[in-house]
Amino acid sequence: MPEGAAIAPQYLIMLGAHLCSSLDCLGEYRTDEGVQLCREALSLRAGRTREQRPRSALYLADCLVTRFEQCGEEHDLYEAEGLLGPLLRRGNPIAARASALLLKIAALRQEAT
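Residues numbered from 1 in each chain as written. Predicted model: local features only at pLDDT ≥ 70, side-chain atom pairs only at ≥ 80, totals over all residues. Heavy atoms only, no water.

Draft legend 1. Highlighting the packing of helix α3 (residues 31-43) against helix α4 (residues 52-71). Where α3 contacts α4, the two axes come as close as 9 Å, and the packing angle between them is 160 degrees. One way to sum up the angle between α3 and α4 is to call them roughly antiparallel. Crossing geometry of α3 relative to α4 is assigned as left-handed. From α3, T31, D32, V35, C38, R39 and L42 reach across to α4, where they touch R53, S56, A57, Y59, L60, C63, L64, R67 and Q70. In the contact of α3 with α4, the residues fall into eight nonpolar, three polar and four charged. (Axes fitted to C-alpha atoms, helices over the stretch in contact; angles between N-to-C directions. Helix = DSSP H or I, 4+ residues; strand = E, 2+ residues; numbered from the N terminus. Parallel < 35°, antiparallel > 145°, perpendicular 65-115°, else oblique. Left-handed = near helix turned anticlockwise from the far one by under 90°. Contact = heavy atoms within 4.5 Å. Nonpolar A, V, L, I, M, F, W, Y, C, P; charged D, E, K, R; others polar.)

Draft legend 2. Representation of the side chain of T31 in the model. Among the structural elements, T31 can be located in helix α3. Here T31 is in contact with L19, C20, C63, R67 and Q70, once residues within four sequence places are set aside.

Draft legend 3. Looking closely at the packing of helix α5 (residues 74-84) against helix α6 (residues 94-112). Interaxial distance between α5 and α6 falls to 10 Å at its minimum, and their mutual angle equals 155 degrees. It follows that α5 is roughly antiparallel to α6 by the angle criterion. α5 and α6 meet at a crossing whose hand is left-handed. Judged by residue contacts, E74, L77, Y78, A80, E81 and L84 of α5 engage A98, L101, L102, I105, L108 and R109 from α6. Classifying every residue of the contact of α5 with α6 by side-chain character gives nine nonpolar, no polar and three charged.

Draft legend 4. Broad picture of the state of the cysteines. Using the criterion set out here, one finds zero disulfides in the structure. You can see C20 has no disulfide; the closest cysteine sulfur is in C63, sitting 3.2 Å from it. (Disulfide = S-S within 2.5 Å.)

Next comes the structure, spelled out in structure tokens:
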């Protein structure tokens, strides 16, 4: 693996998460771009390692939930749930964060009805 390749997924994830919060912070909608960067991080070889994949999946799921809150696209919640389900078996702290996001999704769905 080339030097720096191992850290690239972490940079993409963090940039993606920051872009997803840009509407609240800067008044700019950059959430689609943020979600795409998180997806890109998961597609990289270094992003699929045993250590990195769960974190990347959590961040992508969180960005998808954020996009749902901003745009109301139900498919984002379904995709987030698909990412979070397997993380419940990982143990803490990953399982705890995944569980919290799943509870948030349930609350968002309840509010929408």
